[in-house]
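# Working through the structure, step by step
Spelled out, the chains give:
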Amino acid sequence: MSQISFSFKDRHVLVTGGAQGIGFEIAKEFLRANALVTVADYNAEALDAAGKELKSFGTVQTCRLDVTDRSSCQKMAESLTKPLNVLINNAGITRDKSFAKMTEQDFDQVIQTNLTGLFNVTKALFEKFDANQPKRIINMASVVALYGNFGQTNYAAAKAGVVGMTKTWAKEFGRKGFTSNAVAPGFIRTKMTEAMPKEVLDGITAKVPVQRLGETSDIANACLFLASDQASYINGTVISVDGGLVL
Ligand SMILES: NC(=O)c1ccc[n+]([C@@H]2O[C@H](COP(=O)([O-])OP(=O)(O)OC[C@H]3O[C@@H](n4cnc5c(N)ncnc54)[C@H](O)[C@@H]3O)[C@@H](O)[C@H]2O)c1
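Residues numbered from 1 in each chain as written. Predicted model: local features only at pLDDT ≥ 70, side-chain atom pairs only at ≥ 80, totals over all residues.

A separate point is the sheet that holds strand β5 (residues 135-140). Across the sheet, seven strands lie side by side as β3-β2-β1-β4-β5-β6-β7; this open sheet has parallel pairing. Sheet topology places β3 (60-64) and β7 (238-241) at the edges, where each strand pairs with a single neighbour. If you compare each strand with its neighbour and ignore which way they point, the axes differ by 20° on average. Along the sheet, helix α2 (residues 44-54) contacts β2 (36-41) and β3; its crossing angle with β3, the most-contacted strand, is approximately 175°. (Pairing = 2+ DSSP bridges. Helix = DSSP H or I, 4+ residues; strand = E, 2+ residues; numbered from the N terminus. Axes fitted to C-alpha atoms, helices over the stretch in contact; angles between N-to-C directions. Contact = placed C-beta atoms within 7 Å.)

As structure tokens, then:
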């Protein structure tokens, strides 16, 4: 549970890819902070289960969304019942392979989800933000956007694109009352990292100065802060939440 106390009463937060992992934890922490939360995801079964579990934390809505499909993004935008205050572009996938083994499909799928997907969602929701309140966009990048990673040509390229898009939006949207920032998680314990071999994860843990993998709550805490009124002068940054891994 978050140790940071923020109130998002009367604020509407939308989290893409919120049916599990980091997005689920973000949704949970915003609910605990009294936000109305819309969880959007393409995995119907996981979305349904997440909606049921999250109900005990506050007022949650669920919405089927495929971030790679522009008409799906449009439908989601049209279905919103309340103007938006915070958009967390979190949905993402991996298709890790060395460059030699990576197929065109592996490359395209990751770019379409992790980079173009953020464009699609933000484009559809841009006019849906509350005109009278601070507006926040938080994009999920990754430590590998800044430093590259073996086997992640597609993923590192997409996440580096997210950083560029975040900074551009900070410049373009600042005058419209938005801040746009990115969070760059290190290696966080989720299904995404569970898919990695144990010896690789042990090797990574040994390299992290704080000697542990990250928890989903570490990322949720950063999102709560960036979305808060207290962070109103933070714009166009990438906050690394990685235990010092990249130092
Ligand atoms: N776990 C880590 O160590 C780590 C590290 C750095 C960055 N990240 C980033 O954090 C974000 C969340 O990662 P996670 O570890 O929770 O992953 P996860 O696989 O546990 O969850 C990702 C969620 O996104 C959803 N999703 C995928 N494609 C989608 C699409 N086309 N439309 C809608 N929803 C879609 C999935 O259904 C799932 O619920 C991702 O952007 C990921 O790249 C994760």
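Attention now goes to the nonpolar core. Judged by nonpolar contacts, the single largest core of 66 residues is most densely connected at Val-13, Ala-27, Val-37, Val-39 and Cys-223. Beyond its immediate sequence surroundings of up to four residues, Cys-223 is in contact with Ile-26, Ile-88, Ile-138 and Val-183. (Core = buried A, V, L, I, M, F, W, Y, C linked by C-beta atoms within 7 Å. Buried ≥ 20, exposed ≤ 12 C-beta atoms within 10 Å, placed from the backbone.)

Turning our eyes to something else, we now look at the environment of Leu-47. Position of Leu-47 among the secondary structure elements: in helix α2. On the basis of neighbour counts, which here come to 20 C-beta atoms within 10 Å, the residue Leu-47 falls in the buried class. Sequence separation of Leu-47 and Gly-117 is 70 residues, and the distance between their C-alpha atoms is 18 Å. Not counting residues up to four positions away in its chain, the partners in contact with Leu-47 are Ala-19, Val-39, Asp-41, Thr-62 and Arg-64.

This part covers the site of the ligand. In the neighbourhood of the ligand, 30 residues make up the surrounding shell, with Gly-17, Gly-21, Gly-92, Thr-190 and Met-192 lying closest. Within the shell around the ligand, the residues separate by chemical class into 13 nonpolar, 14 polar and three charged. (Near = placed C-beta within 6 Å. Nonpolar A, V, L, I, M, F, W, Y, C, P; charged D, E, K, R; others polar.)

Further remarks concern the packing of helix α3 (residues 70-79) against helix α4 (residues 104-125). Where α3 meets α4, the closest approach of the two axes is 9 Å, and the angle between their N-to-C directions is 35°. Two packed elements cross with a definite hand, and for α3 against α4 that hand is right-handed. Of α4, the residues touching α3 (which contributes Arg-70, Cys-73, Gln-74, Met-76 and Ala-77) are Asn-120, Val-121, Ala-124 and Leu-125. In the contact of α3 with α4, the residues fall into six nonpolar, two polar and one charged. (Left-handed = near helix turned anticlockwise from the far one by under 90°.)

Relative orientation and spacing of two packed helices are given, respectively, by the angle between their axes and the distance between those axes. Between helix α1 (residues 21-32) and helix α9 (residues 216-227), the least distance of the axes is 8 Å, while the angle of their chain directions is 50°. In terms of orientation, α1 lies oblique with respect to α9. In the crossing of α1 with α9, the sense of the turn from one axis to the other is right-handed. Within the contact between the two elements, α1 uses Gly-21, Ile-22, Glu-25, Ile-26 and Glu-29 and α9 uses Thr-216, Ser-217, Ile-219, Ala-220, Cys-223 and Leu-224. (Parallel < 35°, antiparallel > 145°, perpendicular 65-115°, else oblique.)

Relative to the elements of secondary structure, Ala-77 occurs in helix α3. With 44 residues separating them along the chain, Ala-77 and Val-121 place their C-alpha atoms 8.5 Å apart. In contact with Ala-77, other than residues within four places in its own chain, are Ala-124, Leu-125 and Lys-128.

Interpretation note: all reported values are geometric properties and have no functional meaning in isolation.
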